[in-house]
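Listed below are the residues making up each chain.
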Amino acid sequence: MDPTRRNKLPLALAFVAALPLSGQSQPPRTIILIGPPGSGKTVQAEALEKTYRIPAISMAQLLRREVSRKSPMAKALAGSVDSILSDDQANDLMKARILRPDVANGFIVDGYPATAGQAKVFDQWLAELGSTAGEADIHI
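This section reports on the structure supplied with the text.

## Here we look at the overall build of the protein chain
Point 1. For the protein chain, the helix and strand inventory stands at six helices and five strands.
Point 2. Secondary structure elements of the protein chain occur, N-terminal to C-terminal, as α-β-β-α-β-α-α-α-β-α-β.
Point 3. Per-residue burial for the protein chain yields a buried fraction of 35% across its 140 residues.
Point 4. Taking the contacts inside the protein chain whose residues are at least 6 apart along the sequence as the reference set, 59% of them involve residues at least 24 apart.
Point 5. For the protein chain, the exposed surface amounts to about 8800 Å²; the carbon and sulfur share of it is 55%.

## Concerning the pairing of strand S4 (residues 106-110)
Point 1. A large share of S4 lies buried, amounting to five of its five residues.
Point 2. Of the two faces of S4, the one lined by Gly106, Ile108 and Asp110 and the one lined by Phe107 and Val109 are each fully buried.
Point 3. When strand S2 (residues 29-34) meets S4, the two strands line up parallel, connected through five bridges. When the bridges of S4 are listed, Arg29 appears paired with Gly106.
Point 4. As defined by bridge partners, strand S3 (residues 56-58) adjoins S4 across three bridges and the pair is classed as parallel. Opposite Ser58, over in S4, you have Asp110 as the bridge partner.

## Re helix H5 (residues 87-98)
Point 1. Here H5 is twelve residues long and its end C-alpha atoms lie 16 Å apart, about the 16 Å a rise of 1.5 Å per residue gives.
Point 2. For H5, the full list of buried residues reads Gln89, Ala90, Asn91, Leu93, Met94, Arg97 and Ile98.

What counts and what doesn't
Residues numbered from 1 in each chain as written. Predicted model: local features only at pLDDT ≥ 70, side-chain atom pairs only at ≥ 80, totals over all residues. Heavy atoms only, no water. Helix = DSSP H or I, 4+ residues; strand = E, 2+ residues; numbered from the N terminus. Buried < 20%, exposed > 50% of the residue type's maximum accessible area, 1.4 Å probe, protein only. Contact = heavy atoms within 4.5 Å. Areas by Shrake-Rupley, 256 points an atom, 1.4 Å probe, with all protein chains shown as cover. Pairing = 2+ DSSP bridges. Expected span 1.5 Å × (residues − 1).

In short, the description is geometric, and any link to function would need to be established separately.
Written out as C-alpha cells, the structure is:
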C-alpha cells in the first residue's frame, strides 16, 4: 500500500465492554465497531466473530432481513428503507436482536449506534446487563 494513502484511510474504532454474568469462567464481551462507511467495520466484525466465537450483528443486515419478513416491524420499517432510519426504529431493531439467546456470551455490533440518541439508549441497555460504556476498553 502507498504510505501516503495509508494515513488517509478512515478508522473503525472498537469499544469492548466485559459484561460479567455469574457462573461463567470468562465474561461475555460486547464489541462496538464505530466508523464511517468503508472504514472496515464489517471486515473487522467478521474477524472478531471468529476469534471470540460470538455473533456479529450488522445494523444493515438486520434491516434487510427484517424488511424481507412480513412482520409488523417490517411494515413499520418499510418506509424508512429508502430514507434515514429513526433512532426509535434502529433501537427497536437492535434490542430485538440482542435479546436473542445466542448473544449470552457477548456480541459484536457493526453500524450501531449511529447517533447520540442511539448511543444513550445502548448505554442504558449495557448498564441493565451489568456494565456501562464508561467501563469499556477502547481499541483503535
